[in-house]
Amino acid sequence: MSGFDLDGFLPYQLTVLAGRMSRAFSERYRQKFGISIPEWRVVAHLSQTGPVSVREIFERVDMDKSKVSRAAARLEVAGYVTKRPHPEDRRLVELSLSDKGKAMMAELGPIADSFETEMLGELGPEAEDFRRAVRRLLEMTG
């Protein structure tokens, strides 16, 4: 075999870390609200942007279009999201948070902030350097 070390490969480490952090955070909201990780990403995005198309969400949250569509459909059934034809392109659907979705996000925001504070607290004085490095990698790859 080659000298390649998958466990030490940064993209692999970041993928594993992101998955673990998403699952750990989802434990904080799944029980109370009954939403999945993809559903969280959709409502969180909608809480920041207002009405947008499925296309705009999947481009921003790095999920397959089909996952975003399924998540949006489940969120609509649960009453967290409303759908309507896109005002400029009738082929698209525009999503927005319902009043129930806005209320859920009002509760989820502090939960997300608390989770982030805990994770950064684990890094101690290295937390700000880590944030800076992540921002730089996102800028390089975006």
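Cut-offs and rules
Residues numbered from 1 in each chain as written. Predicted model: local features only at pLDDT ≥ 70, side-chain atom pairs only at ≥ 80, totals over all residues. Heavy atoms only, no water. Buried < 20%, exposed > 50% of the residue type's maximum accessible area, 1.4 Å probe, protein only. Helix = DSSP H or I, 4+ residues; strand = E, 2+ residues; numbered from the N terminus. Pairing = 2+ DSSP bridges. Expected span 1.5 Å × (residues − 1).

Colleague: Run through the pairing of strand β3 (residues 93–97), naming residues and quoting values.
Modeller: Taken across its five residues, β3 has four buried, putting it largely inside the fold. Here strand β1 (residues 52–53) runs beside β3; their pairing, made up of two bridges, is antiparallel. Along β3, the bridge assignment pairs Ser53 with Glu94. Sheet topology places strand β2 (residues 81–85) next to β3; five bridges connect them, and they run antiparallel. If you follow Val81 over to β3, its bridge partner there is Leu97.

Colleague: Residues and numbers for helix α2 (residues 37–49), please.
Modeller: The end-to-end C-alpha separation of α2 is 18 Å, in line with the 18 Å expected for 13 residues at 1.5 Å each. Looking at α2, one finds that the buried residues are Pro38, Glu39, Trp40, Val42, Val43, Ala44, His45 and Leu46. Where α2 ends, the next residue or the one after it, Gly50, has phi of about 85 degrees, a positive value.

Colleague: Quick rundown of the environment of Ala103? Include the residues and the values.
Modeller: Its location among the elements puts Ala103 in helix α5 (residues 99–123). The partly exposed category is assigned to Ala103, whose relative accessible area is 42%. Along the primary structure Ala103 and Glu118 are separated by 15 residues, whereas in three dimensions their C-alpha atoms are 24 Å apart.

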